[in-house]
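Architecture at a glance
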Amino acid sequence: MVFTSLNFLIFLPVVMLLFYITPVKYRWLTLLISSYFFYINIKPIYALLSGGITVSTYVFTRLIDKTPDDNKKRILMILNVIIILLPLLFFKYFAVINNELILLLDDWHLRWPLPEMRYILPIGISYYTFMCIGYTIDVYNEEIEAEKNIGIVALFVSFFPLILSGPIERAKNMLPQFRDFQRINYDDLVKGMQLMLWGFFMKLVVADRIAMYVDVVYGNIESYSGNSLLLAAILYPFQVYADLGGYSLIAIGVSKVLGIRVIDNFKRPFFATTMAEFWRRWHISLITWLTDYLYTPLSFSLRKWGLWGIILALELTFLISGIWHMASMTMVVWGLLQGTFLSIEAVTSKRRTKFEGKYSLSNKKWYMLLSMMFTFILFAISQVVGRVDTVGESWMVFRKIFSEWGSFYLDMTTLFYAFIGIVIIILKDFIDEFFPERINFFTNKRVWVRYSSYLTVAFVIILFGVLEGNSFIYFHF
Amino acid sequence: MGKEELQSKLTAIFQKTFNDESLELSDELTANDVENWDSLSHMILIAEVENSFSIKFKLKDLNKMRNVGDMLNIIESKL
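All values reported here derive from a predicted model rather than from experimental measurement.

Bringing the nonpolar core into the picture now. In terms of nonpolar packing, the biggest core is built from 168 residues, with Phe 160 and Trp 279 of chain A together with Leu 10, Phe 14, Val 49 and Phe 57 of chain B touching the most fellow members. With 17 residues, helix α10 (residues 226-257) of chain A is the largest single contributor of residues to this core. Counting only domains with at least three residues in this core, you end up with domain 1 (6-181) and domain 2 (188-476) of chain A. For Phe 57 of chain B, the contacting residues outside a window of four places in its chain are Phe 300 and Arg 303 of chain A together with Ile 46, Val 49, Glu 50, Leu 62, Met 65, Ile 74, Ile 75 and Lys 78 of chain B.

Quick look at the structure:
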């Protein structure tokens, strides 16, 4: 059951109703049962996995809390991290390692063919694994106490709005909310619905429309000319933003109608003027998770090497992030590219600040616009590598963009709708970024403006949305 | 080392790291208030502080530094 399915449109109101009529004390149980119902409906066996990870995390965090000896605590923490990482590593990398070994055996004529086993990555596994790793380390660091009610831990792991693709939440934020549900207020209900509505717009109207062009062009790179590839390369970052950003808004909105506050995942990323700022605005829950549990320990242990230590820590963090997205050479290159962009920025940061100060550029509009465009181009380049199947293909894309312009593939209807959709999203982000209180539709004081905005967006979704049930990009991770 | 001496020494380190000679420290100051104080420059700052005061932080100490006041207290406890 995904957010964009008809089933979900029935499931959510039922859960809301059950949730509201349950006494506050037992609301966690209603949500836990609903969450397992939601997850089991995707594939029953997955529930075993999330259940197993819950039990392991519960047992180990309790043990860490009870152990006085710091070394023993550390061993327990590391043990749980390894145990809960095993299923993710298995499902993520089994196929790749398996295929490589088969090729190797074939090369050496040692292959003894047996029936091949195939495993598909259980949807959501990355997200709740990361959440449990964070929780375990936080308990070890004595930032929070281990939760004593296993049901609350189970809800943290399986909470249905977040289980499929995040935002990757923290125990610090979620456990207190699950222990003590706030009374639902009208504002949360309205705000939650608004977020969901806009999320559906981003996903169904914009992301899936752009996908129609991007998928065709990237699906057959050899046959398309440089100009078509360039257009696809420019459109793809907007597609991912509308896809994962839209998903995140729905997840945050669904949580909100249940009175649960969840962290934001995007903050108008295309208005960033540097790559460092971009990564503070893009997939925020993943980046802050990586910063806290990977980059900080890495850079801390490498700090003796000064700037070089930081550069190494950055490269390693993004390399791991890349390989987490997919076990492929393209994602290795993707990770190294991100690390390199950020390292170059870090090395030149002092000089840049001086230069900008000298000519007082930081407030100049044209300079900001240029910086935003430059940041976007860097990100778009990295996303070409992230989108294609092999590193060779990404070279082909870049080579064609620079040297092989030819007949332009223009699917006018698709491009027209995609373009209008992008303009609307960017315009909304522009208003939120620069004039947050001045122009508003969903939060307008006048009732008729609010309701006509809701109706317009809803009609646009029904009339122009791609309603064929496309999957979300980040379900594959 | 007295609290004032400690603070002025730390101020000099901050000014050098963040390239801002007018930067003044207060206990409530956080990374949000200082331009260029991000997760990258933070680790350079940490290494500078360790060298200048000849102390060693633990990773756990870093998590406890919510503002400059916390940082001063942790440094003081290690001197």
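What follows deals with the packing of helix α15 (residues 365-387) of chain A against helix α16 (residues 391-403) of chain A. Residue and element names in this part refer to chain A. α16 packs onto α15 with a crossing angle of 135° between their chain directions and a minimal axis gap of 8 Å. The pairing of α15 with α16 is recorded here as oblique in orientation. For the crossing formed where α15 meets α16, the hand is right-handed. Of the residues in α16, those touching α15 at Ile 381, Val 384 and Val 385 are Ser 394, Val 397 and Phe 398. By residue class, the composition of the contact of α15 with α16 is 5 nonpolar, 1 polar and no charged.

Residues and elements named next belong to chain A. Direction vectors running N to C along helix α6 (residues 150-158) and helix α8 (residues 171-179) enclose 125°, while the axes themselves pass 10 Å from each other. Here α6 is positioned oblique relative to α8, judged by the angle of their axes. By crossing handedness, the relation of α6 to α8 is classed as right-handed. On α8, the residues that touch Ile 152, Leu 155 and Phe 156 of α6 are Ala 171, Met 174, Leu 175, Phe 178 and Arg 179. Along the lines of polarity and charge, the residues of the contact of α6 with α8 split into 7 nonpolar, no polar and 1 charged.

The next subject is the interface of chain B and chain A. Between chain B and chain A, the contact holds 20 residues from the first and 20 residues from the second. Per-residue buried area on chain B facing chain A is highest for Leu 40, Met 43 and Lys 60 of chain B; these three make up 36% of the total on that side. At the junction of chain B and chain A, the tally comes to 3 salt bridges. Between Arg 280 of chain A and Asp 38 of chain B there is a salt bridge, and its shortest N-O distance comes to 3.9 Å. For the pair chain B and chain A, the number of links is 3 residue pairs in polar contact (both at pLDDT 80 or more). Taken together, the elements giving at least two residues each to the side of chain B that touches chain A come down to α1 (3-17), α2 (39-53) and α3 (59-64) of chain B. Here the side of chain B that touches chain A takes 7 residues from α2 of chain B, the largest share from any one element. A class-by-class count of the residues in the side of chain B that touches chain A yields 8 nonpolar, 5 polar and 7 charged.

All names here are of chain A. For the second largest pocket, the calculated volume is near 1,300 Å³. Lining of the second largest pocket is provided by 43 residues; of these, Trp 198, Lys 428, Asp 429, Asp 432 and Phe 442 occupy positions nearest its centre. Elements represented by at least two residues in the lining of the second largest pocket include exactly α9 (186-219), α10, α17 (412-434) and α18 (447-464). Of all the elements, α17 adds the most residues to the lining of the second largest pocket, at 10 residues. When grouped by side-chain class, the residues that make up the lining of the second largest pocket number 24 nonpolar, 9 polar and 10 charged.

Here we take up empty space enclosed by the protein. Gaps between atoms show up when a probe of the same size as a water molecule is rolled over them. Residue and element names in this part refer to chain A. Per the counting criterion, the structure on display carries 1 cavity of 30 Å³ or more. Contributing to the lining of the largest cavity are Tyr 127, Tyr 128, Met 131, Phe 156, Val 157, Phe 159, Leu 162 and Ile 163. Residue assignment for the lining of the largest cavity shows that the elements contributing at least two residues are α5 (125-140), α6 and α7 (160-163). Considering every element that reaches the lining of the largest cavity, the biggest residue donor is α5, with 3 residues. Per-class residue counts for the lining of the largest cavity are 8 nonpolar, no polar and no charged.

Taken together, the side chains of Val 96, Ile 97, Leu 101, Leu 104, Leu 105, Trp 108 and Leu 110 of chain A define a hydrophobic patch exposed on the protein surface, amounting to about 660 Å² of accessible area. Counting through the fold element by element, Leu 104 of chain A comes out in helix α4 (residues 70-107).

Residue and element names in this part refer to chain A. The terminal C-alpha atoms of helix α1 (residues 6-21), which comprises 16 residues, lie 24 Å apart, in line with the 22 Å expected from a rise of 1.5 Å per residue. Residues of α1 that are buried include every one of Phe 8, Phe 11, Leu 12, Val 15, Met 16 and Phe 19, and no others. Buried residues in α1, looked at end-on, bunch into an arc of 130°, giving them a common side. More than 90 degrees from the buried face of α1, the exposed residues found are Leu 6, Leu 9, Ile 10, Leu 17 and Ile 21. Check the buried side of α1 and you find it contacts α2 (27-40), α7, α9 and α10.

Before going further, it helps to spend a moment on the domain arrangement of chain A. Residues and elements named next belong to chain A. You can read the domains of chain A as domain 1 (6-181) and domain 2 (188-476). Measuring from the centre of the C-alpha atoms in domain 1 to the corresponding centre in domain 2 gives 26 Å. Residue-level contacts link 35 residues of domain 1 with 29 residues of domain 2. For the domain 1 and domain 2 pair, buried surface summed over both sides reaches about 2,900 Å², with 66% attributable to carbon and sulfur atoms. On inspection of domain 1 and its partner domain 2, the count reaches 1 salt bridge. With a shortest N-O distance of 3.0 Å, Asp 292 and Arg 170 are connected by a salt bridge. Along the contact surface separating domain 1 from domain 2 lie 16 residue pairs in polar contact (both at pLDDT 80 or more). At the level of elements, α1, α4, α5, α7 and α8 are the ones that each hand at least two residues to the side of domain 1 that touches domain 2.

About the criteria used
- Residues numbered from 1 in each chain as written.
- Chains lettered and ligands numbered in written order.
- Predicted model: local features only at pLDDT ≥ 70, side-chain atom pairs only at ≥ 80, totals over all residues.
- Heavy atoms only, no water.
- Core = buried A, V, L, I, M, F, W, Y, C linked by side-chain atoms within 4.5 Å.
- Buried < 20%, exposed > 50% of the residue type's maximum accessible area, 1.4 Å probe, protein only.
- Helix = DSSP H or I, 4+ residues; strand = E, 2+ residues; numbered from the N terminus.
- Domains from an automatic or database assignment.
- Contact = heavy atoms within 4.5 Å.
- Axes fitted to C-alpha atoms, helices over the stretch in contact; angles between N-to-C directions.
- Parallel < 35°, antiparallel > 145°, perpendicular 65-115°, else oblique.
- Left-handed = near helix turned anticlockwise from the far one by under 90°.
- Nonpolar A, V, L, I, M, F, W, Y, C, P; charged D, E, K, R; others polar.
- Buried area = accessible area lost by both parts, 1.4 Å probe.
- Salt bridge = Lys/Arg side-chain N within 4 Å of Asp/Glu carboxyl O.
- Polar contact = N/O pair within 3.5 Å; in protein donor to acceptor, adjacent residues only side chain to side chain.
- 1 Å grid on protein atoms, 1.4 Å probe; cavity = no way out; pocket = protein on both sides within 12 Å on 5 of 7 lines; lining within 4 Å.
- Points joined across faces, edges and corners; volume = space filled by probe spheres on them.
- Patch = residues over 30% accessible without salt bridge, like charges linked within 9 Å, V, L, I, M, F, W, Y side chains within 5 Å.
- Areas by Shrake-Rupley, 256 points an atom, 1.4 Å probe, with all protein chains shown as cover.
- Expected span 1.5 Å × (residues − 1).
- Arc of directions from axis to C-beta.

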